[in-house]
Amino acid sequence: MQTVAVIDYGMGNLHSVAKALEHVGAGKVLITSDANVIREADRVVFPGVGAIRDCMAEIRRLGFDALVREVSQDRPFLGICVGMQALMERSEENAGVDCIGVFPGQVRFFGKDLHEDGEHLKVPHMGWNEVQQAVDHPLWHDIPDLARFYFVHSYYIEAGKPGQVVGRGHYGRDFAAALAEGSRFAVQFHPEKSHTHGLQLLQNFAAWDGRW
């Protein structure tokens, strides 16, 4: 049976992610902060919620910045929400925070005065939103284009390489809802909270060989 390591650095909906992975039959799901267990896992999930400064402080304290760069190169790797943002080069949250730098690009604030068609939009962006599939990636298998996923975020991804954007969202402005390169895939939304389509994405991740 394959093992799926859910990285525990003290930030994230770890149990809901783990339960969703178990529900789709992903294999033996391990919530762990043990670097050796993570290195030995067949697949790795990197969730996250909360303030990026606190997340990055714990990630660095545990040495997980180097570990994430290592294990995301050679096996299926999934970043979720703030876990996705932590993979970027830098976030402008808290006057600027350096991140892991797996993907080139920045994390930007939606702004306090976000409008569209004359309507004021609340920040954080919270709720269901369509994701446009920019690329035919294996993790979109059996998920229709413009399927709706559940988001909770005040900051959005401005990708450094447009070719890595495999899913796009829109909330007052366009943003990268999903990024991919090699065996790495990352989403701004919460698949574990996105019902049928979110579970399908996790099932696709469980079956994916990491090639694209």
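Quick caveat: nothing in here was measured; it's all calculated off a predicted structure. (Residues numbered from 1 in each chain as written. Predicted model: local features only at pLDDT ≥ 70, side-chain atom pairs only at ≥ 80, totals over all residues. Heavy atoms only, no water.)

A. Representation of the overall build of the protein within the structure. Looking only at helices and strands, the protein features six helices and 15 strands. Relative to its length of 212 residues, the protein is compact, with a C-alpha radius of gyration of 16 Å against a globular reference of 17 Å. Its C-alpha atoms give the protein principal-axis dimensions of about 55 × 40 × 30 Å. Burial status across the protein gives 52% buried among its 212 residues. For the protein, contacts bridging at least 24 residues in sequence account for 70% of all contacts bridging at least 6. (Helix = DSSP H or I, 4+ residues; strand = E, 2+ residues; numbered from the N terminus. Rg over C-alpha atoms; globule rule 2.2 N^0.38 Å. Buried < 20%, exposed > 50% of the residue type's maximum accessible area, 1.4 Å probe, protein only. Contact = heavy atoms within 4.5 Å.)

B. Main features of the state of the cysteines. Inspection of every chain in the model, using the stated rule, returns zero disulfides. Between Cys 55, a free cysteine, and Cys 81, which holds the nearest cysteine sulfur, the sulfur-to-sulfur gap is 9.2 Å. (Disulfide = S-S within 2.5 Å.)

C. Spatial organisation of the side chain of His 190. Within the fold, His 190 resides in the loop between strand 15 (184-187) and helix 6 (195-207). Look at His 190 and you get buried, because its relative accessible area is 3%. In this structure the side chain of His 190 is engaged in a polar contact, spanning 2.8 Å, whose partner is the side chain of Glu 192. Here His 190 is in contact with Asn 13, Val 49, Ile 80, Cys 81, Tyr 150 and Val 152, once residues within four sequence places are set aside. (Polar contact = N/O pair within 3.5 Å; in protein donor to acceptor, adjacent residues only side chain to side chain.)

D. Just the environment of Phe 46, in detail. Looking at where Phe 46 falls in the secondary structure, it is placed in strand 3 (residues 43-46). C-alpha separation for the pair Phe 46 and Gly 167, spaced 121 residues apart in sequence, amounts to 18 Å. In contact with Phe 46, not counting residues within four places along its chain, are Ile 7, Tyr 9, Ile 59, Val 68, Phe 77, Leu 78, Gly 79, Ile 80, Gly 83, Ala 86, Leu 87 and Ile 100.

E. Geometry of the sheet that holds strand 13 (residues 165-170). Across the sheet, nine strands lie side by side as 2-1-3-4-15-14-13-10-11; this open sheet has mixed pairing. Every other strand in the sheet has two partners, leaving strand 2 (28-32) and strand 11 (147-153) as the edge strands with one partner each. Between one strand axis and the next, the sheet turns through 25° on average, direction left out of account. With three bridges joining them, strand 3 and strand 4 (residues 77-80) adopt parallel strand pairing. Bridging across to strand 4, Phe 46 finds its partner in Gly 79. (Pairing = 2+ DSSP bridges. Axes fitted to C-alpha atoms, helices over the stretch in contact; angles between N-to-C directions.)

F. Quick peek at unusual backbone geometry. Here the bond from Val 123 into Pro 124 is cis, since omega is 15°, no more than 30 degrees from zero. Positionally, Pro 124 belongs in the loop between strand 9 (119-121) and strand 10 (125-133). Residues other than glycine seldom take positive phi values, yet Cys 81 does so here, at roughly 55°. Mapped onto the elements, Cys 81 comes out in the loop between strand 4 and helix 5 (82-85). Classification of Cys 81 by relative accessible area gives buried; the value is 3%. Even without a glycine there, the phi angle at Ala 95 is positive, about 70°.

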